[in-house]
Amino acid sequence: MVRLHVKHGDESQFLFDTTVSVSVEELTKQVTSIYNGRLKVSRICSAPDENMKKVLQKTMEEARALIAKKQAEANVCVTMDMVKDALDQLRGAVMIVYPMGLPPHDPIRMEFENNEDLSGTQAGQAVIEEANTQLWWAGKELLRKQKLVDYVGKNEKTKIIVKIQKRGNGAPAREPVISEEEQKKMMMYYHRRQEELKKLEEDEDISYMNADWADSSSLKRQFQGVNDIKWRPR
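Here is a short report on the structure shown in this document. Quantities reported herein were computed from a predicted structural model and do not represent experimental measurements.

Along the chain, the position of Thr158 falls in the loop between α7 (149–152) and β5 (159–166). Every residue in contact with Thr158, bar those within four places of it in the chain, is listed here: Met1, Val2, Arg3 and Val152.

Below you can see the structure in the form of structure tokens.
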């Protein structure tokens, strides 16, 4: 399986497993569905009023955990089934709290029915319509008429960083040559090496001061020819 680390801008989103034989068209649909589905889960978890939040708190925490960005850090891939599971958990909890159903224009009900109106909102800006989605890798747009194999080769054990964005925004910034984790390790090594060199210098200074030639009294005795005289009783 080819593992995609999906990012939006420089921000990590989720891991996704696929194959080199997948068409970019299908891959774009899959990645976009998960990306927007995670946004929907987050919106629903943010929409309840305070009373509802208290009742749904545990369910919201579980749903958020399923689609959390920390899943990527834990090396867990996110699937559309996981997104649907999170939505089903939330839907079931709402039905228990409101067995008669929510009002037609309640934002949570509209989310579940995919009738949400996000026009003019920050949340709406975050959504990427599938028709306007672009996937980028290594500074190249993955063209929908191609297959993933055309870009990454036939190795199914490949891991790549793919960036998702809206069409028309230009090429996203390329990933740094070394990762943030590698940079941290390099800085730790550099700091440790500096400490070792500093200690060596201090040790050399101590050795320098303990040397016979650095002893002013020893130098004086040598000039007087009495450096090696040993005194003992007759």
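Next up on the list: the packing of helix α1 (residues 24–46) against helix α2 (residues 50–67). Two numbers describe how α1 lies on α2: the axes approach to 10 Å, and their chain directions differ by 160 degrees. When the axis of α1 is compared with that of α2, the two are roughly antiparallel. At the point where α1 passes α2, the crossing takes the left-handed sense. Judged by residue contacts, Arg38, Val41, Ser42, Cys45 and Ser46 of α1 engage Lys53, Met60, Ala63, Arg64 and Ile67 from α2.

Bringing the nonpolar core into the picture now. The biggest cluster of nonpolar side chains holds 41 residues, and the ones touching the most others in it are Leu4, Phe14, Leu27, Val31, Val41 and Leu90. Of all elements in the fold, only β1 (2–8), β2 (11–18), α1, α2, α4 (80–97), α5 (107–112), α7 and β5 reach the threshold of two or more residues within this core. At eight residues, the largest contribution of residues to this core is made by α1. Discounting residues that sit within four places of it in the chain, Leu27 has contacts with Leu4, Phe16, Thr18, Val22, Leu135 and Leu148.

On to the pairing of strand β3 (residues 133–137), then. Along β3, four of the five residues are buried, which leaves the element largely enclosed by surrounding structure. Pairing of β3 with β5, which is carried by four bridges, proceeds in the antiparallel orientation. Its bridge partner lying in β5, Thr133 is registered against Lys166. Bridging between β3 and strand β4 (residues 140–141) involves two bridges; their strand directions are antiparallel. When the sheet's bridge partners are listed, Trp136 is paired in β4 with Glu141. Counting the residues in the hairpin turn of β3 and β4 gives two residues, including Ala138, whose phi is positive at 55 degrees.

This next bit is on the sheet that holds β2. If you trace the five strands from one edge of the open sheet to the other, you get β2-β1-β5-β3-β4, paired in mixed fashion. The sheet is open, and its two borders are formed by β2 and β4, each paired with just one other strand. Against the sheet, α1 touches β1, β2, β3 and β5, its axis set at about 135 degrees to β2.

With phi around 65 degrees, Asn75 is a residue other than glycine that occupies positive phi space. Asn75 sits in the partly exposed class, given a relative accessible area of 46%. Of note, the phi angle at Ala138 is positive, near 55 degrees, even though the residue is not glycine. Position of Ala138 among the secondary structure elements: in the loop between β3 and β4. Judged by relative accessible area, which is 36%, Ala138 ranks as partly exposed.

A few words now on the packing of α1 against α4. Their axes nearest at 9 Å, the elements α1 and α4 cross at an angle of 20 degrees. The angle between α1 and α4 places the two elements in the roughly parallel class. Of the two possible hands of crossing, α1 and α4 adopt the one that is left-handed. Across the interface between the two elements, Ser33, Ile34, Gly37, Arg38, Lys40, Val41, Ile44 and Cys45 from α1 touch Met80, Val83, Ala86, Leu87 and Leu90 from α4. Here the contact of α1 with α4 is composed, by residue class, of nine nonpolar, two polar and two charged.

With that out of the way, let us pick up α4. Over its 18 residues, α4 extends 26 Å from the first C-alpha to the last, a length consistent with the 26 Å expected when each residue adds 1.5 Å. When we look at burial in α4, the residues that qualify are Met82, Val83, Ala86, Leu87, Leu90, Ala93 and Val94. Buried residues of α4, viewed axially, fall in a sector of 140 degrees; they line one side. In α4, the exposed residues that point more than 90 degrees away from the buried face are Asp81, Met95 and Ile96. Residues of α4 that are buried sit in contact with α1, α2, α3 (70–73) and α5.

Parameters at a glance
Residues numbered from 1 in each chain as written. Predicted model: local features only at pLDDT ≥ 70, side-chain atom pairs only at ≥ 80, totals over all residues. Heavy atoms only, no water. Helix = DSSP H or I, 4+ residues; strand = E, 2+ residues; numbered from the N terminus. Contact = heavy atoms within 4.5 Å. Axes fitted to C-alpha atoms, helices over the stretch in contact; angles between N-to-C directions. Parallel < 35°, antiparallel > 145°, perpendicular 65-115°, else oblique. Left-handed = near helix turned anticlockwise from the far one by under 90°. Core = buried A, V, L, I, M, F, W, Y, C linked by side-chain atoms within 4.5 Å. Buried < 20%, exposed > 50% of the residue type's maximum accessible area, 1.4 Å probe, protein only. Pairing = 2+ DSSP bridges. Nonpolar A, V, L, I, M, F, W, Y, C, P; charged D, E, K, R; others polar. Expected span 1.5 Å × (residues − 1). Arc of directions from axis to C-beta.

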